[in-house]
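Listed here are the chains, written in short residue letters.
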Amino acid sequence: MEFTEEIVTDFESTVSEVIELYQHRIQWLLQDSRKVFGVIKGTKVGLLVDVSHLSYGPRLLDFQKNLLCLIDEQLCYKKQLYCLSFSTEISPLWESPKTINVHVLREVRQWIEELEPGRGCNLLKALRHVLPMKELNSLVLIVGSCPDQSFEILCDYTQQCTLGRKVQIHTVIYDCSNPASLTVLKNLAEAVRGCYHCYSSKGENFDSSDFHLLLQESQKAKDLLKSIKQTFQRRVGDLLGSERADVSTAFANTEPSSFFPKPPKHKGPLVIQTPGILGKTSADWLKTYGLKAKKLDLYQVLAPNAFSPVEDFVPILKKTVSSTLHEAMMMQFEWYDGTIKNIHVDLPVLYNYQKLLAKMVRIYEKRVDWLSVASRRIWGSVYERRVVILVDISVTNSTYISHIQHSLRLLLEEQMSDKDSFNIIAFGSDIVPWQQELLPSQPENLEKAWRWVLSLECKGSRNVLSALRRAVEVEFKDKDKHKSQGLYLLTTGIPDQETHTISAYVAEACRGFDLQLHVCLFSVTKGTDSSGIIPARYANPTETASAFKEIVQAANGRFHWFGEAGIFESDDISSIISEMEKAKNYSQKCAFLVESLKQRSVKQSVKPLTPEGHSNVLMRNEERKKQKVPSPKPTAVLKDVKDNHGAERNTPVRVVAWRPPSARAGIPPAQTVKEWPQTENKGKHKPRKQAELSVSVFYTEEGRNVGTIYQRYPKAMHIRKSVCSVTLPKEEEICSSKEWLTKYSIKKLKLELSRLMFDCTHQKKTVECLHKKVSAKYCSIFPSREINGVVKHLQFHPKELKSYTEQLGNVLQRYVQRVQWLLSGSRRLFGTILEANVCVLVDTSGSMGPYLPSVTKELTSLIWEQLRKNEVRFNLLRFADNTESWKEYLVEAADESCHDAVQWVSTCHAHGSSCILAALQKALSFQGVEALYLLTDGKPDTSCSLILKEIERLIKKQDIKIHTICFSCADRGAVEFLKKLASQTGGRFHCSSAGEDGQSAAHRILTEGLDDEDNPVFPYFEGDDLKKLTQEVAKARSFLKQAKSWSQSRTRKHQFNRSEGKSTCKEL
């Protein structure tokens, strides 16, 4: 096709106008409320505002100012509006959407000015309240912290509620630096085909779906202009000759990376972390935690009960015969080598084996989760001691240079601090090393490397082979003298050289040495990976991945393929998933064995084997069991009794008491017979109940004759239990209430009433003439009490009751004194410091403003009263938006260091939100720390479940306890979270509320009396130490009150009996 110069010029002019239009549109989007919230679509809008990220001060005022600007510039032109704020709970402004008018807008402005900070981000509850409103066609979600619910839950619910409806969902991430919340809300908007907008007041985290669409279109127009320029070999500016063309060309030549959002604090200093887990490849990790390593291979478990079929040649039959006994009694199972084995199915063993398999699968899932977060999502697990990083900075990566830099930042922060040495080599057409040789992985070197990375610019093609040669021949020139060496190649496309050439080189370079090449392939988004320059070689993502797999295989390395959507393929994750599939397969085979056994059992129960005659040994034993044991022959006396009284046969067995020899020496002692006649008793007194007999039966040596032995066992004697003398220490022990009560509880001191009772059970028997149950004659004399559902009588002596009440009173008094001690000094707020190496974490977020003066005062008391006095090594850490520690390590509690710590505490001020997870991660990194004491007033700014999961992972191999302290128990969500955190780590939960009421109650108990369990009474304590101790106090007061009431009732009955006796004597 041929075009005239005029047509081409007109077309270029039109494209330039379009580019200029895109530029103006982008500038318009970056102005006023559109910069903060984006463009709000729809006519009937529901506004959902998250207030969990706010704090009193400038941050709240700025947020309210931006919301008012949104109302005045965009929402006032809509038809209907509905407003709702949410944190842990929701707070709607109206019950239903309102038609916009002057009065409604006035109410909205007043509502915005009255917004207050909250705790927690219950986005699901807000959506459940708003989505059922059918009249709304647009929802605006303004969120500043990570939602409490996961992405899957939010996405599923939103998709179900919007199915068949045209509802535009617009998510706004407002001034949030948490990567988790950015990912969740962005993915939520994309899943429901909505829009997202990310705003940062610092200008580091701008992102928008509208912005991306414009950028893609402008990129296409720019590529088209450059293509025309190369075809006709002339500049666009010479043809247009106007100011408009100059502006458009300048925009077309603008670096694309300048439009893309940068991660939060992109250019800030590194926050270097010490890896808590030793890096390993999944293959090495499975050598320790694989099914075979844990001896959980199915064939290992079944091997002791597996038997091969027996076959042998029988000469008489002249053929090979196989055993049929195993086939009839066992299950047939295919072995791993294809042979058939006879298996004895042991159900308890298989059940326990399946439980162990499920446990291992959960461990593998945690490993996969661990490999899918942070820097491991990009680089995998970096485990070598000497590492060289190869970074692709070809011109095709211009759009994604900020992504590449951020990936290197994560690697330097999280995985490089424990290496011996490292270097970074950037390559395009030329090779640009950071240093000429490997340098130690010290913090200052890592920071210098990061500053060098920030200065990188993309240019040239993708010369992978030259970069590899540089690393192997310079950095690893003495590779034969070292072990654990690794090359990590981060690239976005296929190399300039042929695949087989690179494969041959790396195979030769790595053969015989402890050196591996690992490839991290970053797949860029379609439509934005071109910069107008055609690369030396082109391949689609699948072909590129196949080429690098071949290279990695030649170098004995690992392949890792990822993108913005997640991980596409990873050798580490594939190994774990393969082990999970193997566990699933083993579990299915176990279920098959059990089901086969059940089916066989059902068939045998339907058609049982019936042996002929009595040839079966088991049947003969059954016949033998049915025979009655012959009774001993009656004596002459018994025969005489039978003849005289004509006894009936169906009477119970009776025993005649033995008598000493008398004149009737010829008569043998009486013996028991099976059927003993009941004689008529001429006397009025009932015969005394005799002891029961036990019978032993045995076979004699003569044939099948049976012999019996009759034995009589004496009745056990009851020994009265005495009251133990109790002595409790006067000095307070520094331990938890749980430990203290293991030594001094009522049960341990043997002062429970149930232990001191006489074992006499209250009984009722039916009287036939009265037709009802009647108690024993003297039941009313003894006091009774129900113990474990059984009514028992008491038989205390007065001295025993008096001794018991004295001992119990002393113990109760000691309990109350310990309660007073726990509520005194710094223990009232912080509890008791038990460990010798601790870190105290204090929440200084905006919500702590009213309480911070008293907290700093109590913290000062803690330093001198507990830390200095008990010589505890300690550190202090405060957290709000960021974390700040007093020292970078634990310090001995000397006078000088305590003065310095008090001075540091006095500088605390309330601001921002609560980054609890970051604070815990930093505190756990302190060398030698044994316990953390976390003081806060509410829920964190991130998901509670995420924090619990991350902390469980961090302390998995560390014996570190986290004791949580809640300043106020009003927020039940925060209380439950802190209780779970303490319980999960073996720590204690403490709540500082009700301290003054507890002191008052303790004083009244000691002064007014101990036995009244209803007044005075302790308030309800949430903390573990005070809760356990006050429960023991309540139990002791109950026992003491009951014992005193029994003593008084016994005294009254005794006085009544004496007065009755005196009156009877007078009458006589």
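Look up a bit, the structure's there.
Residues numbered from 1 in each chain as written. Predicted model: local features only at pLDDT ≥ 70, side-chain atom pairs only at ≥ 80, totals over all residues. Heavy atoms only, no water.

Draft legend 1. Structural detail: unusual backbone geometry. Residue A374 is not a glycine yet carries a positive backbone phi of 55 degrees. Residue placement: A374 occurs in the loop between α14 (347-371) and α15 (376-379). Taking the relative accessible area as the measure of exposure, A374 reaches 35% and is therefore partly exposed. In this model, E871 sits at a positive phi of 55 degrees, which is unusual for a non-glycine residue. E871 sits in the exposed class, given a relative accessible area of 61%. (Helix = DSSP H or I, 4+ residues; strand = E, 2+ residues; numbered from the N terminus. Buried < 20%, exposed > 50% of the residue type's maximum accessible area, 1.4 Å probe, protein only.)

Draft legend 2. Structural view of the pattern of salt bridges. Applying the stated rule across the entire model yields 30 salt bridges. In this structure, D369 and K949 form a salt bridge, with 3.2 Å as the shortest nitrogen-oxygen distance. Here D369, found in helix α14, pairs with K949, found in helix α31 (residues 944-954); they are 580 residues apart in sequence, far enough to count as distant. Among the residues examined, D369 registers a relative accessible area of 35% and is labelled partly exposed. (Salt bridge = Lys/Arg side-chain N within 4 Å of Asp/Glu carboxyl O.)

Draft legend 3. Region of interest: the nonpolar core. Counting residues in hydrophobic clusters, the biggest one holds 33 residues, and the most contacted among them are W740, L751, Y815 and F1018. Counting only elements with at least two residues in this core, the list comes to α24 (737-744), α26 (798-822), α33 (995-1008) and α34 (1024-1067). Examining the composition of this core, we find that nine residues originate from one element, α26, more than from any other. (Core = buried A, V, L, I, M, F, W, Y, C linked by side-chain atoms within 4.5 Å.)

Draft legend 4. Focus on helix α30 (residues 916-924). Among the residues of α30, I916, L917, A919, L920, A923 and L924 are the ones counted as buried. Looking straight down α30, one finds that the buried residues subtend no more than 160 degrees of arc, so they occupy a single side. (Arc of directions from axis to C-beta.)

Draft legend 5. Examining the sheet that holds strand β12 (residues 331-334) more closely. Read across the open sheet, the three strands follow the order β9-β13-β12; overall the sheet is antiparallel. Each edge of the open sheet carries a strand with a single partner, namely β9 (306-307) and β12. The sheet contact formed by β12 and strand β13 (residues 340-343) spans four bridges and is antiparallel. Its bridge partner being in β13, E334 is matched across the sheet by I340. (Pairing = 2+ DSSP bridges.)

Draft legend 6. Molecular detail of the sheet that holds strand β31 (residues 883-885). The sheet built from six strands is open, its strands ordered β31-β30-β29-β32-β33-β34 with mixed pairing. Taken across any chain shown, the strands that pair with only one partner, and hence form the sheet edges, are β31 and β34 (989-991). Neighbour to neighbour, the strand axes of the sheet diverge by 20 degrees on average, direction disregarded. Examined bridge by bridge, strand β29 (residues 837-843) and strand β30 (residues 873-879) share seven bridges and lie parallel to one another. The residue of β30 that forms the bridge with V840 is L876. Contacting β29, β30, β31, β32 (931-936) and β33 (961-966), α30 crosses the sheet at an angle of about 155 degrees to β32. Those strands touched by helix α32 (residues 972-984) are β32, β33 and β34, and its axis lies near 160 degrees from that of β33. (Axes fitted to C-alpha atoms, helices over the stretch in contact; angles between N-to-C directions. Contact = heavy atoms within 4.5 Å.)

Draft legend 7. Here's a closer look at the packing of helix α28 (residues 852-868) against helix α29 (residues 895-905). Interaxial distance between α28 and α29 falls to 10 Å at its minimum, and their mutual angle equals 165 degrees. Relative to α29, α28 is oriented roughly antiparallel. Taken as a pair, α28 and α29 cross one another with a handedness that is right-handed. Contacts between α28 and α29 involve T856, L859, T860, I863, W864 and R868 from the first element and D895, C898, H899, A901, V902 and V905 from the second. Residue composition of the contact of α28 with α29, by class: seven nonpolar, three polar and two charged. (Parallel < 35°, antiparallel > 145°, perpendicular 65-115°, else oblique. Left-handed = near helix turned anticlockwise from the far one by under 90°. Nonpolar A, V, L, I, M, F, W, Y, C, P; charged D, E, K, R; others polar.)

Draft legend 8. Up close: the packing of aromatic side chains. Counted under the stated rule, the structure contains 13 aromatic pairs. Its end group placed over the ring of Y157, R128 keeps NZ or CZ at 5.7 Å from the ring centre. Stacked on the ring of Y505, the Lys or Arg R469 has its end atom at 5.6 Å from the ring centre. (Phe/Tyr/Trp six-rings, centres within 6.5 Å; stacked < 30°, edge-to-face > 60°. Lys NZ or Arg CZ within 6 Å of the ring centre and 35° of its normal.)

Draft legend 9. Focus on the environment of A1001. Here A1001 lies in helix α33. In this structure the C-alpha to C-alpha distance between A1001 and V1017, which are 16 residues apart in sequence, comes to 6.2 Å.

Draft legend 10. Quick peek at the side chain of Q74. Among the structural elements, Q74 can be located in the loop between α3 (58-73) and β2 (80-86). For Q74, the contacting residues outside a window of four places in its chain are S33, R34, G38, V39 and I40.

Draft legend 11. Here's a closer look at the environment of R511. Looking at the secondary structure, you find R511 in the loop between α19 (499-510) and β19 (515-523). For the pair R511 and A554, spaced 43 residues apart in the sequence, the C-alpha separation amounts to 9.1 Å.

Draft legend 12. Fine view of the packing of helix α11 (residues 282-289) against α14. Between α11 and α14, the least distance of the axes is 13 Å, while the angle of their chain directions is 155 degrees. Taken together, α11 and α14 sit at an angle that is classed as roughly antiparallel. The handedness of the crossing between α11 and α14 is right-handed. Listed contacts from α14 to S282, W285, L286 and Y289 of α11 are M360, I363, Y364, R367 and L371. For the contact of α11 with α14, the residue count by class is seven nonpolar, one polar and one charged.

Draft legend 13. Geometry of a nonpolar patch on the surface. Together, I316, L317 and V321 make up an exposed nonpolar region whose accessible area comes to about 310 Å². Among the structural elements, L317 can be located in the loop between β10 (311-314) and β11 (319-322). (Patch = residues over 30% accessible without salt bridge, like charges linked within 9 Å, V, L, I, M, F, W, Y side chains within 5 Å. Areas by Shrake-Rupley, 256 points an atom, 1.4 Å probe, with all protein chains shown as cover.)

Draft legend 14. Up close: helix α7 (residues 179-191). Taking 1.5 Å per residue, 13 residues should reach 18 Å; α7 reaches 18 Å between its end C-alpha atoms and fits that length. Listing the buried residues of α7 in full gives S181, L182, V184, L185, L188 and A189. Structurally, α7 contributes buried residues whose contacts are with α5 (123-130), β5 (138-143), α6 (151-161), β6 (168-174) and β7 (195-199). Remark: R193 follows α7 within two positions and exhibits a positive phi of approximately 60 degrees. (Expected span 1.5 Å × (residues − 1).)

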